[in-house]
Amino acid sequence: MELEARLRAFAAFARRRSFSAAARELRISQPAVSKHIAEVEREAGMKLVERRPRGGELTPAGEFLANHVLRAQALLAQAARGVAAFRQRPTGSLVIVASGVPATYLLPEVVVTFQRAHLGVRVSIVQGASAQTMDALRSHRAEFGVVGGFAAAPEIEAEPLVEEEIVVVGPPQLAGRRMSRRDAEAATWISPYEGSATRAAVEAAWADSGITPSRRLELPSWEAVKLAVARGHGVAGCSQFTVEGELRAGSLALVRLRGWKVRRTISIVRHRDAALTPSAQAFVAMLHARWGRSPARQRR
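Along each chain, residues carry numbers from 1 onward, in the same order as the chain's sequence is written. Reporting of local features is limited, given that this is a predicted model, to residues whose pLDDT is at least 70; pairs of side-chain atoms are given and counted only at 80 or more, and all residues count toward the totals for whole chains, interfaces and linings. In computing side-chain properties, one takes all heavy atoms of the structure into account and sets aside hydrogens as well as water.

### A short note on the nonpolar core
In summary, soluble globular proteins display a tendency toward joint burial of nonpolar side chains.
Then, number 1: One finds Leu 94, Phe 144, Phe 283 and Leu 287 to be the most contacted residues of the largest nonpolar core, which totals 38 residues.
Then, number 2: Apart from the residues lying within four places of it in its own chain, the contact partners of Phe 283 are Leu 94, Ile 96, Leu 107, Val 110, Val 111, Phe 114, Val 123 and Phe 144. By nonpolar core is meant a set of buried Ala, Val, Leu, Ile, Met, Phe, Trp, Tyr and Cys residues that side-chain atoms within 4.5 Å join together. Any residue under 20% of the maximum accessible area for its type is buried, any over 50% is exposed, and the rest in between are partly exposed; the area is computed with a 1.4 Å probe on protein chains only. Residues count as neighbours in contact if any of their non-hydrogen atoms are within 4.5 Å of one another.

The structure is reproduced here in structure tokens:
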């Protein structure tokens, strides 16, 4: 299941933005890549690539065509992988995109269980912000995704998986303490990277509660956030799934904040027009078996 040679050459150039790099990817000569692209331009009746002394740039028409060709190539590759899953013993690969919390705290143990049952299928988890997971689904680079804070899109459908609670945590010495609005505004709030759906939920909760933090600290990951909070550098709003181990161990403590009640749904998302392969269907079933339950039952 491949695109014809001319479009494969154009797709390789669109990815690499270099004739020589495209030639290396396809294992053909650089003049052959240039000739294939010239034939695509001739058929289109317009220039698609602006040649430069080193490489080249796509014209607006070239960008438009590249978007469709790359998506078609990804869809054909996905179809080839999917056909393999219909064999008696499924083989091939299953690509899943996920935002930070699901990728780190919900998917790994399901992957282990799935791999034991389906030895011939290789599972890959690609982590990114929720917006990046949507792009991966639109371009058919993944079969489905697992995200929190899903924003509706006409071509993407969402299936609720589990409800999570966003809790406020602090260092152990704050265990059982009730924070006032003034305390919350005076505290240093520690959060992860821009684009985190949990961070967006926390910031929305500030607005709902009338809280304007005076000090904020941004760190690169949830692990860094938890370490900073445990060492007494501030407080953080975190998904219940990210702090369960630390709360049990006592290295973090729940902080009560008047009016704070933040919950959101983690969902399985997929492209509306793409059918799931048997391997993907089996993985989704395992996800529901493991996580398709209420937060209270999950904590127990």
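### Structural notes on the packing of helix α1 (residues 5-16) against helix α3 (residues 30-44)
For any two helices packed against each other, one specifies the crossing angle of their axes together with the interaxial distance.
Then, number 1: Axis definition: a line fitted to C-alpha atoms, over the contacting stretch in the case of helices. Angles run 0 to 180 degrees between N-to-C directions. For the purposes of this entry, the term helix denotes a DSSP run of H or I that reaches at least four residues, the term strand denotes a run of E that reaches at least two, and both are numbered from the N terminus. At a minimum axis separation of 8 Å, α1 and α3 run at an interaxial angle of 105°. Classified by the interaxial angle, the pair formed by α1 and α3 is roughly perpendicular. On α3, the residues touching Ala 5, Arg 6, Leu 7, Ala 9, Phe 10 and Phe 13 of α1 are Val 33, His 36, Ile 37, Glu 39, Val 40 and Glu 43.
Then, number 2: Among the residues making up the contact of α1 with α3, the classes are represented as eight nonpolar, one polar and three charged. Angular relationships are summarised with four words: roughly parallel below 35 degrees, roughly antiparallel beyond 145, roughly perpendicular across 65 to 115, and oblique for the angles in between. Following the grouping adopted for this structure description, the nonpolar residues are Ala, Val, Leu, Ile, Met, Phe, Trp, Tyr, Cys and Pro, the charged ones are Asp, Glu, Lys and Arg, and the polar ones are all others, Gly among them.

### Description of the pairing of strand β9 (residues 215-218)
Then, number 1: As judged from the four bridges shared by strand β8 (residues 188-191) and β9, these two strands associate in the parallel manner. Each residue of the ladder has a partner; that of Trp 189, found in β9, is Arg 216.
Then, number 2: Assignment of crossover handedness uses the view with strands pointing away from the viewer, where a clockwise path from the first strand over the helix to the second indicates a right-handed crossover. One crossover worth recording links β8 to the parallel β9 by way of helix α8 (residues 197-209), and it is right-handed. When DSSP finds two or more bridges between two strands, those strands count as paired.

### So, the pattern of salt bridges
Then, number 1: For this document, the term salt bridge refers to a Lys or Arg side-chain nitrogen within 4 Å of an Asp or Glu carboxyl oxygen. For the coordinates displayed, the defined rule picks out 21 salt bridges.
Then, number 2: In this structure, Glu 157 engages Arg 272 in a salt bridge whose closest nitrogen and oxygen atoms are separated by 3.5 Å. Of this pair, Glu 157 sits in strand β6 (residues 156-170) while Arg 272 sits in the loop between β13 (262-271) and α11 (278-291), placing them 115 residues apart in sequence.
Then, number 3: A relative accessible area of 27% means that Glu 157 is categorised as partly exposed.
Then, number 4: Arg 272 sits in the partly exposed class, given a relative accessible area of 42%.
Then, number 5: Each of Arg 199, Glu 203, Arg 216 and Glu 218 takes part in one network of salt bridges that share partners.

### Points about unusual backbone geometry
Glycine aside, residues mostly have negative phi, and peptide bonds are mostly found in the trans state.
Then, number 1: With a phi angle near 55°, Arg 17 is a residue other than glycine that sits in the positive phi range.
Then, number 2: For Arg 27, which is not a glycine, the phi torsion comes out positive at approximately 60°.
Then, number 3: Summarising the element assignment, Arg 27 is placed in the loop between α2 (19-26) and α3.

### Looking at helix α5 (residues 100-117)
Then, number 1: By definition here, a helix of n residues has an expected span of 1.5 Å times n minus one. For α5, with 18 residues, the first-to-last C-alpha span of 26 Å sits near the 26 Å given by 1.5 Å per residue.
Then, number 2: Across the chain, bend at a residue is computed as the angle between axes fitted to the seven residues ending at that point and the seven starting from it. In the structure, α5 departs most strongly from a straight axis at Leu 107, where the bend amounts to approximately 55° and where the proline Pro 108 lies between one and four residues downstream.
Then, number 3: Of the positions making up α5, those classed as buried are Gly 100, Val 101, Pro 102, Ala 103, Tyr 105, Leu 106, Leu 107, Val 110, Val 111 and Phe 114.

### Some words on the confidence of the model for the protein
Then, number 1: The score called pLDDT rates the predictor's confidence residue by residue, from a low of 0 to a high of 100. The predicted model of the protein has a mean per-residue pLDDT of 86, with 91% of residues at 70 or higher.
Then, number 2: Mean pLDDT in the protein bottoms out at helix α12 (residues 295-299), which sits at 41, and peaks at strand β11 (residues 253-254), which reaches 96.
Then, number 3: Low confidence marks residues 294-300, where pLDDT is under 50. Its contacts with residues over four positions away, or in another chain, come to nine contacts.

### Some remarks on the pairing of β13
Then, number 1: Most of β13 sits inside the fold, with seven of its ten residues counted as buried.
Then, number 2: By the bridge criterion, five bridges tie strand β5 (residues 144-148) to β13 in an arrangement that is antiparallel. Each bridged residue has a counterpart across the sheet, and for Phe 144 the counterpart in β13 is Arg 270.
Then, number 3: Pairing of β6 with β13 involves ten bridges; the strand directions are antiparallel. Paired with Glu 157 across the two strands is Arg 270, which belongs to β13.

### Considering the packing of aromatic side chains
Then, number 1: Pairing of aromatic side chains here covers Phe, Tyr and the six-membered ring of Trp, requires ring centres within 6.5 Å, and sorts the geometry by plane angle: under 30 degrees stacked, over 60 edge-to-face, intermediate tilted. Evaluation of the coordinates by the stated rule reveals six aromatic pairs.
Then, number 2: Ring geometry for Phe 144 and Phe 283: centres 6.0 Å apart, planes at 45°, overall tilted. Of this pair, Phe 144 sits in strand β5 while Phe 283 sits in helix α11, placing them 139 residues apart in sequence. Here Phe 144 matches Phe 283 in class, with each residue buried.
Then, number 3: Three or more aromatic residues joined by ring pairs form one cluster here, namely Phe 114, Phe 144 and Phe 283.
Then, number 4: Any Lys NZ or Arg CZ that is within 6 Å of a ring centre and within 35 degrees of that ring's normal is treated as a charge sitting over the ring. Positioned over the ring face of Trp 291 is Arg 290, at 4.0 Å from the centre of the ring.

### Quick look at the environment of Gly 45
Then, number 1: For Gly 45, the position within the fold is in the loop between α3 and β1 (49-51).
Then, number 2: Spatially, the C-alpha atoms of Gly 45 and Ala 12 are 21 Å apart, while their sequence positions differ by 33 residues.

### Description of the environment of Met 179
Then, number 1: Structurally, the position occupied by Met 179 is in strand β7 (residues 178-179).
Then, number 2: In this structure Met 179 comes out as buried when scored by relative accessible area, which is 6%.
Then, number 3: As a C-alpha pair, Met 179 and Arg 256 span 77 residues in sequence and 6.0 Å in three-dimensional space.
Then, number 4: Every residue in contact with Met 179, bar those within four places of it in the chain, is listed here: Ala 184, Ala 187, Val 255, Arg 256, Leu 257 and Arg 258.

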